[in-house]
Amino acid sequence: MDNKIGVGTGIGKIILIGEHAVVYGQPALAIPFPATKIKTTIRRKKGSITLNCFFHQGLLSNSPKKLVGLVSVIEQIVHSFNERLEDFSIDIESSIPPERGIGSSAAVAIATIRALYDYYNRPLTDDELFKWANVSEQIVHGNPSGIDMSIIIGETPLYYIKGKAFVPFTFKLDAYLIVADTGELGQTQAAVSSVRKLIESNPEEGKSLIKQLGVLTNRVKVSIEKKDVVKLGQSMTKAHSLLKKLGVSNSSLDRLVSVALDNEALGAKLTGGGRGGCIIALASTIQQADFICDKLLSNGAKNTWILDMELIRNGQ
Ligand code: PMV
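Bear in mind the structure is a predicted one, so any value in this text is a computation, not a measurement.

Each value, and the rule that gives it
Residues numbered from 1 in each chain as written. Predicted model: local features only at pLDDT ≥ 70, side-chain atom pairs only at ≥ 80, totals over all residues. Heavy atoms only, no water. Bend = angle between axes of the 7 residues up to and from the residue. Helix = DSSP H or I, 4+ residues; strand = E, 2+ residues; numbered from the N terminus. Buried < 20%, exposed > 50% of the residue type's maximum accessible area, 1.4 Å probe, protein only. Contact = heavy atoms within 4.5 Å. Expected span 1.5 Å × (residues − 1). Domains from an automatic or database assignment. Buried area = accessible area lost by both parts, 1.4 Å probe. Salt bridge = Lys/Arg side-chain N within 4 Å of Asp/Glu carboxyl O. Near = heavy atom within 4 Å. Polar contact = N/O pair within 3.5 Å; in protein donor to acceptor, adjacent residues only side chain to side chain. Areas by Shrake-Rupley, 256 points an atom, 1.4 Å probe, with all protein chains shown as cover. Pairing = 2+ DSSP bridges. Axes fitted to C-alpha atoms, helices over the stretch in contact; angles between N-to-C directions.

Enquirer: Give me helix α3 (residues 126-141): which residues, what numbers.
Expert: Maximal helix bending in α3 amounts to about 25°, located at Val135. Of the positions making up α3, those classed as buried are Leu129, Trp132, Ala133, Ser136, Glu137 and His141. Summarising the contacts, the buried residues of α3 are in contact with α1 (68-80), α2 (104-119), α4 (147-154) and α5 (188-201). One or two residues past the end of α3 sits Gly142, with phi positive at roughly 90°.

Enquirer: So what's going on with helix α6 (residues 203-225)? Residues and values would help.
Expert: Helix length check: α6, at 23 residues, gives a terminal C-alpha distance of 33 Å against a target of 33 Å (1.5 Å per residue), a fit within 8%. Those residues of α6 not exposed but buried are Gly206, Leu209, Ile210, Leu213, Gly214, Leu216, Thr217, Val220, Ser223 and Ile224. Contacts made by the buried residues of α6 are with β1 (5-17), β2 (28-44), β6 (158-160), α5 and α7 (229-246). Among the residues trailing α6, Lys227 stands out with phi positive, at a value near 55°.

Enquirer: Give me the lowdown on the domain arrangement of the chain, citing residues and values where you can.
Expert: Often, the extent of an interface is quoted as the loss of accessible area upon association of its parts. Structurally, the chain comprises domain 1 (5-160) and domain 2 (170-308). Measuring from the centre of the C-alpha atoms in domain 1 to the corresponding centre in domain 2 gives 25 Å. Facing 30 residues of domain 1, the contacting portion of domain 2 comprises 40 residues. Summed over both sides, the interface between domain 1 and domain 2 buries roughly 2800 Å², with carbon and sulfur atoms accounting for 70% of that surface. Broken down residue by residue, the surface that domain 1 buries against domain 2 is led by Ile17, His20 and Arg100, which jointly contribute 24%. One can count two salt bridges joining domain 1 with domain 2. As a salt-bridge pair, Arg100 and Asp181 come within 2.9 Å of each other at their nearest N and O atoms. Looking at the side of domain 1 that touches domain 2 element by element, the count peaks at seven residues for β2.

Enquirer: Just give me the short version of the site of the ligand, but keep the residues and values in it.
Expert: The environment of the ligand is formed by 18 residues, the closest being Lys13, His20, Ser145, Thr188 and Gly273. Between Lys13 and the ligand, the recorded distance is 2.5 Å, taken from a side-chain N or O atom to an oxygen atom. Gly273 is positioned such that a nitrogen or oxygen atom in its backbone is 2.9 Å from an oxygen atom of the ligand. For the ligand, the accessible surface in isolation is 380 Å², of which the surrounding protein chains cover 96%. Secondary-structure elements contributing two or more residues to the shell around the ligand are β1, α4 and α5.

Enquirer: Mind laying out the pairing of strand β10 (residues 278-283), listing which residues take part and the relevant values?
Expert: Across the six residues that make up β10, a large majority, six, are buried. The alternating pattern of β10 places Cys278, Ile280 and Leu282 on one face and Ile279, Ala281 and Ala283 on the opposite face, and all of these are buried. Bridging between strand β8 (residues 176-181) and β10 involves six bridges; their strand directions are antiparallel. Residue pairing for β10: Ile178 is matched across the bridge by Ala281. Here strand β9 (residues 267-271) pairs with β10 via five bridges, running antiparallel. From the neighbouring strand, Thr271 faces β10, where its bridge partner is Cys278.

Enquirer: An account of unusual backbone geometry is needed here, citing residue identities and associated values.
Expert: Within the chain, Glu99 stands out as a residue other than glycine whose phi angle is a positive 55°. Mapped onto the elements of the fold, Glu99 is located in the loop between β5 (88-94) and α2. The residue Glu264 is not glycine, and still its phi comes out positive at about 70°.

Enquirer: Break down the pattern of salt bridges for me, with residues and values.
Expert: Inspection of every chain in the model, using the stated rule, returns 12 salt bridges. With its nearest N and O atoms 3.1 Å apart, the salt bridge here joins Arg43 to Asp91. With a gap of 48 residues between them, Arg43 in strand β2 and Asp91 in strand β5 connect regions that are remote in the sequence. Salt-bridge contacts for Arg84 lead to Glu86; the nearest nitrogen and oxygen are separated by 2.8 Å. According to the relative accessible area criterion, Arg84 is exposed, its value standing at 59%.

Enquirer: Tell me about the sheet that holds strand β11 (residues 303-308), and name the residues and values.
Expert: With antiparallel pairing, four strands are arranged side by side in an open sheet as β9-β10-β8-β11. This sheet does not close on itself; its edge strands, each paired only once, are β9 and β11. Averaged over all pairs of adjacent strands, the angle between strand axes in this sheet comes to 20°, irrespective of strand direction. In the packing of helix α8 (residues 251-262) onto the sheet, contacts are made with β8, β9 and β10, and the angle to β9 comes to roughly 160°. Against the sheet, helix α9 (residues 286-298) makes contact with β8, β10 and β11, and its axis sits at roughly 165° relative to β11, the strand it touches most.

This is how it looks when you write it as structure tokens:
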């Protein structure tokens, strides 16, 4: 009994296209990013619950404000099991840089929910997992579209429309996707609320930008089906300029996008909530991807990853 343990994991995700527009019912395309992951381990330990993670080491009850979504979901789950809120420790190890638009908040919640269910030996369906993760994401993000949770739970590329069933999306492309981190914390909640304000204050422009992003997502879907990486890249770059008009880019993101494009990327854009966080860029060969990564790193990127788009984990 004394060495009782529960373990749960969650991977990162990349929004290929459709961020922000997805909050307003437009489609988005996202892919799993298993190069980054989170592992939560819960161990039996006498006394008050402790939490050991990037943002906090100490009592769960003394966690900083930014962890309020996670703390709330932990408390609600333990209560729902009719268990006492004590006598365990929570350790969260993460290789997903936090607040960079690659899904760390949803992945932390998902890994921790899985670990709690494992610790208490309860079965967990994907629907329950989504429901609990949404408790945390509602607090963290305000009005999440659900795309992060869906992709992290399903671990398969998705064509996603808010409120509709997940549509797994198979693709295999002869191209490489670069992810580059500005090192700056993204501001998803602030960016989502500024888009809402833009739509309220200037509905014509705001709605038109959202609609154009939706059209681009559908265009990207066709480009992927036709394996047209040139058109895919063009749509990514166009999406970046629309996101910029929506007010969710910043100078560091714009700079990395320009560096990628100046060095023969087929396309580049911010990914996720924006105002910091990461960009993605498309390269047609691994040599070109390596070259672009070097240029990004010497021009301010703090980290880069390369995903082989032939090997994206698909759903079947
Ligand atoms: O920054 P992230 O990884 O949480 O992605 C946010 C994506 C948005 O479309 C901006 C918001 C949402 O809820 O879909």
